Amino acid sequence: METAVIIVVLVIGLALFFDFTNGFHDTANAMATPIATGALKPKVAVALAAGLNLVGAFLSTEVSKTISHGIIREDQITPELFLPLIFAGLIGAITWNMLTWLLGLPSSSSHALFGGLIGATLVGVGVMAIDFGVVMSKVILPAVIAPFTAGLIAFLTTRLAYAVTRRHDKKPDGRDGFRWGQIFTSSLVALAHGTNDAQKTMGVITLALIMAGWQNSADADPQLWVILACGLTIALGTYMGGWRIIRTLGKGLTDVKPAQGFAAETSTASTILASSALGFALSTTQVASGSVIGSGLGRRGSLVRWRTVGRIAVGWLLTLPAAGAVGAFAAWLVVLWGGWGIAVDAVAAVVVVLALFLRSRRDTVNADNAMSEVADSGHAVKVKKNPPLTRRQRAARQKKTDPDHNGGDPS
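Residues numbered from 1 in each chain as written. Predicted model: local features only at pLDDT ≥ 70, side-chain atom pairs only at ≥ 80, totals over all residues. Heavy atoms only, no water.

Student: How would you explain the overall build of the protein chain if you had to name every residue and give the values?
Tutor: Summing up its helical and strand segments, the protein chain has 15 helices and two strands in all. Expressed as a percentage of the 411 residues in the protein chain, the buried residues total 55%. When contacts within the protein chain are restricted to residue pairs at least 6 apart in sequence, long-range pairs at least 24 apart make up 87% of them. Of the roughly 17900 Å² of accessible surface on the protein chain, a fraction of 67% belongs to carbon and sulfur atoms. (Helix = DSSP H or I, 4+ residues; strand = E, 2+ residues; numbered from the N terminus. Buried < 20%, exposed > 50% of the residue type's maximum accessible area, 1.4 Å probe, protein only. Contact = heavy atoms within 4.5 Å. Areas by Shrake-Rupley, 256 points an atom, 1.4 Å probe, with all protein chains shown as cover.)

Student: So what's going on with the pattern of salt bridges? Residues and values would help.
Tutor: This model, assessed by the stated rule, comprises two salt bridges. Asp131 is the partner of Arg73 in a salt bridge, and the nearest nitrogen-oxygen pair spans 3.8 Å. Here the residue Arg73 occupies a position in the loop between α4 (62-68) and α5 (79-103), and Asp131 occupies one in the loop between α6 (109-124) and α7 (132-164), the gap between them amounting to 58 residues. Classification of Arg73 as partly exposed rests on a relative accessible area of 30%. Its salt-bridge partner being Lys200, residue Asp197 comes within 3.2 Å of it at the nearest N-O pair. A residue pair is termed a helical-turn pair when its members lie 3 or 4 positions apart in one helix, as Asp197 and Lys200 do in helix α8 (residues 178-211) at three residues. No difference in accessibility class separates Asp197 from Lys200, as the two residues are buried. (Salt bridge = Lys/Arg side-chain N within 4 Å of Asp/Glu carboxyl O.)

Student: Let's hear about the UniProt feature "transmembrane region" (unreviewed entry) in the protein chain: which residues, and what values?
Tutor: UniProt's entry tags residues 42-60, 81-99, 111-132, 139-162, 224-243, 309-334 and 340-358 with the feature "transmembrane region" (unreviewed entry), counted in the numbering of this structure. Secondary structure within residues 309-334 divides into 100% helix and 0% strand; the distance between the first and last C-alpha atoms comes to 39 Å. The distance from the first to the last C-alpha atom of residues 340-358 is 27 Å, and the span holds 100% helix and 0% strand. (UniProt positions renumbered as here; feature names shortened; annotations may be inferred.)

Student: For a nonpolar patch on the surface, give the residues involved together with the corresponding values.
Tutor: Taken together, Val123, Phe329, Trp332, Val335, Leu336, Trp337, Trp340 and Val344 make up a surface patch of nonpolar side chains, about 870 Å² in accessible area. Elements that contribute at least two residues to the nonpolar patch include exactly α12 (306-337) and α13 (339-361). Tracing the backbone through its elements, the reader meets Val123 in helix α6. Overall, Val123 belongs to the partly exposed group, its relative accessible area being 36%. (Patch = residues over 30% accessible without salt bridge, like charges linked within 9 Å, V, L, I, M, F, W, Y side chains within 5 Å.)

Student: Let's hear about the packing of helix α3 (residues 42-56) against α8: which residues, and what values?
Tutor: Contact geometry for α3 and α8: axes closest at 7 Å, N-to-C directions at 40°. Overall, the two elements α3 and α8 adopt an arrangement that is oblique. Relative to α8, the crossing made by α3 is right-handed. Contacts between α3 and α8 pair Leu48, Ala49, Leu52, Asn53, Val55 and Gly56 from the former with Ser187, Ala190, Leu191, His193, Gly194 and Thr195 from the latter. Its residues placed into classes, the contact of α3 with α8 shows six nonpolar, six polar and no charged. (Axes fitted to C-alpha atoms, helices over the stretch in contact; angles between N-to-C directions. Parallel < 35°, antiparallel > 145°, perpendicular 65-115°, else oblique. Left-handed = near helix turned anticlockwise from the far one by under 90°. Nonpolar A, V, L, I, M, F, W, Y, C, P; charged D, E, K, R; others polar.)

Student: With reference to specific residues and values, describe α3.
Tutor: Between its first and last C-alpha, α3 extends 21 Å over 15 residues, near the 21 Å set by a 1.5 Å rise per residue. Along α3, the residues that are buried comprise Ala45, Val46, Ala49, Ala50, Leu52, Asn53 and Gly56. (Expected span 1.5 Å × (residues − 1).)

Student: Hey, could you go over the packing of aromatic side chains for me, with residue numbers and the actual values?
Tutor: Applying the stated criterion across every chain, the model contains two aromatic pairs. Geometrically, the ring pair formed by Phe17 and Phe20 is stacked, given 6.3 Å between the ring centres and 25° between the ring planes. Here the residue Phe17 and the residue Phe20 both occupy positions in helix α1 (residues 2-26), the gap between them amounting to three residues, near one helical turn. Of the residues examined, Phe20 reaches a relative accessible area of 21% and is grouped as partly exposed. (Phe/Tyr/Trp six-rings, centres within 6.5 Å; stacked < 30°, edge-to-face > 60°.)

Student: Before we move on, can you summarise the environment of Thr100 with the specific residues and values?
Tutor: Relative to the assigned elements, Thr100 resides in helix α5. Thr100 gets classed as buried once you look at its relative accessible area, which sits at 3%. When the C-alpha positions of Thr100 and His25 are compared, they lie 8.9 Å apart, and in sequence the two are 75 residues distant.

Student: Which residues make up the nonpolar core, and what values go with them?
Tutor: When a protein is soluble and globular, its nonpolar side chains tend to lie buried together. Among the nonpolar cores identified, the biggest contains 59 residues, and Ile71, Phe82, Ile86, Leu90 and Val204 are the most heavily contacted of them. At the level of elements, α1, α5, α6, α7, α8, α9 (224-252), α12 and α13 are the ones that each hand at least two residues to this core. Sort the elements by how many residues they give to this core and α5 lands first, with 14 residues. Counting eleven residues, the second largest nonpolar core, distinct from the first, contains Met31, Leu52, Leu191 and Ala269. (Core = buried A, V, L, I, M, F, W, Y, C linked by side-chain atoms within 4.5 Å.)

Quick look at the structure:
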């Protein structure tokens, strides 16, 4: 009994630490564009994002139910085995999160979590313990469809924004009013992130409580203290660790204009909020990347650097199998050595996290060693210095050069 309690406490502690890494790894994406365009000061933006993540954690529990009663068939696994497997899966997710944060490799905290849990379960139990129908319908398909959907929405919104405000073309930046709109839309993104990403950790903790017999299996809703703990942890991660990502994103998105930022944030928030209501466990960074690229394409004179887009896609594809491989190795140690395997996993996780953190302290934060996929998305869209004239500008020029259009007498 004492061993089971220790394992549950370890799982909860590790899950909350993953939630913290999720905060500084992902949530800052919401505030990249308003900082880049000057709509918000960095400290104000991070504090606002942290507070809204906490609020968002209380708004929905559908994604949590997907994690606790969906991906893994817990009825086919004994609690004595499943709790260590959850522990191993979390090690895989955290290791991948920390490594990609250090290297600047585009990744998704959400898919790292799914990959770690799936890899650990496959090694510890087998294929029959994974509900691949749920994995496909609520993880894989949304991961493929959501970025394209968000990109399309952002593209159309950007075109509309520029069409409505085209009368300001001759001003240095006639669309500065969108900066005020960005405060609202970026806040929505932060709120949406809380409704989706914070719930994934709630689902893991709820699953652990059910397997330990501390919660009724018929009740899939996370307990109040779980919601509060996860909300506070992801908010703390956003505020404490977001500076590295925020600084990088601010550099990467300096070419984004207020109208584009407004369109991208609107698309990101609407996509994530709709998916949270349906219980789809999305990657916020993937959706945000699709939105940024779509908004760039919607701006006249933009070109896409497809090589950079390909790099982003490679990061997405690697996350699930890489985190799954680490989770599988950690689970193999548990199966091989039992309690000693758990101890080895715990020590190894602490060593790896500390090593990666200390390594990050030796490097200055720049676009080469700490760039997330949304920052890459900013570089993926290249805007010409001298974009082609609009139809209105061509008409004005023609009116000046053609006497027939300038009130002159051709005779």
